[in-house]
Amino acid sequence: MSRYQPDTAAIAGIGETEYTRGTDKSGLQLLMEASLKACADAGTESGAVDGLVMTSRVGTNEDFVAGLGITDLKFHAHIKIGGASPVAGLHLACHAVASGIAERVLVSAGRNAYSSMRLGATDSGPRVVWPGDDIRRNLEYPYGMIAPMQWYSLHANRWFHETNASREGMATVALNTRRHAHLNPRAWFRDRPMSREDYDASPMLVTPFKLLDVCLETDGAAAILVTRADAARRAGGKPPVYVAATAEGHPDSPDDLSNRPDILGMGIGKAAPRALDIAGIRLDELDFAEIYDCFTFIVLRQLEEIGFCQRGEAPDFVANGRIALGGELPLNTHGGLLSQAHISGMNHVVEAVRQLRGDADQAQVAGAHLGLVTGYGDFGDGAIAILHN
């Protein structure tokens, strides 16, 4: 598929459900709710959607055809690279509309991560199959390494060892995202304060991750509708947000973290230069960034691999209010996965659109014109989008 030209595609509509911890709705119901809201936001009848990109374990194209009343589905795809999937889904949707395969492509993400996917739940549904399942089952599970925080600790501890980086950066990210969540009525932790004393007192789960370094488990869904930019301007919905560039990247030895040539290597380090080149911008031109934050540490490492600073320097980069509202690079203005909700990062895309529409209420970045969104999935898959109004 040929590379689309910058600004060919636009996000014409966004939709999201309430983010909860406990719901009677199925994952598919949540996805339909968010998808219908995205279509309405774009001023588009849901039946006119002709492309689908699904980034969740829930739902098939047939489910969406029935649920949305789609009459002529021309294109569909499933993306399964964990938390990188929503931004990678945007990447694919942009190419689909630019090439003429489809005109209105819906990208959705959602799950019942609290109600039905928790470890130890009595009704957890099908077994979650992680990438490199044979490696996990035969080499890691027998030794008790069964959860993401354990896998990612290998990367984190190596980073601390090689760079002598400060732990302060992790605390800064945690406290910053919680403060931003207080400004967001849609955030789960909107009225739950966190002090530095709270962070320090939170239990160590797996070194170096404290409880408050780890993202939420929530129920919810979000969706975006991607169209050609000229069509979005004519549709009569909310102001479109234009896609200047997207890219995805994957680490070497993507499933085998411990034997990777460079355990610190991440797909975002390959994707970011491509996106910046396509968009023709510099990092210092960005007004804000929504960085995938399954762990505080992953935010720091993405900032380094994108090129904001060198390895080991991210704790200094985020210090002194730089990533707060009013700082040089406001980060995760909605509260992120750490303090708003975890739906694999589609809420990051929705927040970026709100910022560029000027609809972010108390969390609005003054004069926001250019923003960056990332996704991080599995063992280092990365995706990035550069958006503007």
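Residues numbered from 1 in each chain as written. Predicted model: local features only at pLDDT ≥ 70, side-chain atom pairs only at ≥ 80, totals over all residues. Heavy atoms only, no water.

In the annotation of an unreviewed UniProt entry, the chain is listed under the name Putative nonspecific lipid-transfer protein and assigned to Alcanivorax dieselolei.

Give a detailed account of the packing of aromatic side chains, specifying residues and quantitative values.
For any two aromatic rings, the description comes down to two numbers: the centre-to-centre distance and the angle of the planes. Inspection of every chain in the model, using the stated rule, returns eight aromatic pairs. By the ring-pair criterion, three or more aromatic residues cluster together here, those being Tyr 152, Trp 159, Phe 160, Phe 209, Phe 295, Phe 297 and Tyr 376. Here Arg 192 stacks its cationic end above the ring of Trp 188, 4.7 Å away from the centre of that ring. The ring of Phe 317 is capped by Arg 322, whose NZ or CZ atom sits 4.4 Å from the centre of that ring. (Phe/Tyr/Trp six-rings, centres within 6.5 Å; stacked < 30°, edge-to-face > 60°. Lys NZ or Arg CZ within 6 Å of the ring centre and 35° of its normal.)

Can you lay out the sheet that holds strand 1 (residues 9–16) for me, pointing to particular residues and giving the numbers?
The sheet built from nine strands is open, its strands ordered 3-2-4-7-1-8-11-10-9 with mixed pairing. Of all the strands in the sheet, the pair left with one neighbour each is strand 3 (75–78) and strand 9 (288–290). Adjacent strand axes in the sheet meet at a mean angle of 25° when their direction is disregarded. Sheet analysis places strand 2 (residues 51–54) next to strand 4 (residues 104–112), joined by four bridges and oriented parallel. Opposite Gly 51, over in strand 4, you have Val 105 as the bridge partner. The sheet contacts of helix 1 (residues 27–42) involve strand 1, strand 4 and strand 7 (219–228), and relative to strand 1 the element is tilted by about 130°. Sheet contacts for helix 9 (residues 268–279): strand 8 (241–249), strand 10 (370–377) and strand 11 (381–388); angle to strand 8, the most-contacted strand, approximately 145°. (Pairing = 2+ DSSP bridges. Helix = DSSP H or I, 4+ residues; strand = E, 2+ residues; numbered from the N terminus. Axes fitted to C-alpha atoms, helices over the stretch in contact; angles between N-to-C directions. Contact = heavy atoms within 4.5 Å.)

Can you lay out the pattern of salt bridges for me, pointing to particular residues and giving the numbers?
Under the defined criterion, the tally for this structure stands at 23 salt bridges. Notably, a salt bridge pairs Asp 41 with Lys 238, separated by 3.5 Å at the nearest N-O pair. In this pair, Asp 41 sits in helix 1 while Lys 238 sits in the loop between helix 8 (229–234) and strand 8, placing the two residues 197 residues apart along the sequence. Exposure remark for Asp 41: the relative accessible area of 13% places this residue in the buried category. (Salt bridge = Lys/Arg side-chain N within 4 Å of Asp/Glu carboxyl O. Buried < 20%, exposed > 50% of the residue type's maximum accessible area, 1.4 Å probe, protein only.)

A description of the side chain of Ser 339 should follow, citing residues and the corresponding values.
Relative to the helices and strands, Ser 339 resides in helix 12 (residues 336–339). The exposure class of Ser 339 is buried, given its relative accessible area of 1%. Looking at Ser 339, its side chain comes within polar contact range of the side chain of Arg 178, at 2.9 Å. Apart from residues no more than four positions distant in its own chain, Ser 339 is found in contact with Thr 177, Arg 178, Ala 181, Ala 187, Trp 188, Phe 189 and Leu 216. (Polar contact = N/O pair within 3.5 Å; in protein donor to acceptor, adjacent residues only side chain to side chain.)

Describe the state of the cysteines, with residues and values.
Counting across every chain of the model gives zero disulfides. Lacking any disulfide linkage, Cys 309 is separated from the closest cysteine sulfur, that of Cys 294, by 17 Å. Residue classification places Cys 309 among the buried positions, given a relative accessible area of 9%. (Disulfide = S-S within 2.5 Å.)

Describe the environment of Ala 314, with residues and values.
With respect to the helices and strands, Ala 314 occurs in helix 11 (residues 314–317). Separated by 13 residues in sequence, Ala 314 and Arg 301 have C-alpha atoms that sit 7.1 Å apart. Sequence-distant contacts of Ala 314, defined by excluding residues within four places in its chain, comprise Leu 300, Glu 304 and Cys 309.

Give me the lowdown on the UniProt feature "domain: Thiolase C-terminal" (unreviewed entry) in the chain, citing residues and values where you can.
Per the UniProt record, "domain: Thiolase C-terminal" (unreviewed entry) is found at residues 256–382. In residues 256–382, helix accounts for 34% and strand for 10%; the two terminal C-alpha atoms are 16 Å from one another. (UniProt positions renumbered as here; feature names shortened; annotations may be inferred.)

Which residues make up the environment of Val 243, and what values do they have?
Relative to the helices and strands, Val 243 resides in strand 8. Sequence spacing of Val 243 and Leu 387 is 144 residues, and the spatial spacing of their C-alpha atoms is 4.7 Å.

Help me get a handle on the pairing of strand 8, residues and values and all.
It is a general feature of regular strands that their side chains alternate between the two faces of the sheet. Taken across its nine residues, strand 8 has eight buried, putting it largely inside the fold. Judged from the two bridges that link them, strand 1 and strand 8 form a sheet pairing that is antiparallel. Directly across from Ile 11, in strand 8, lies its bridge partner Val 241.

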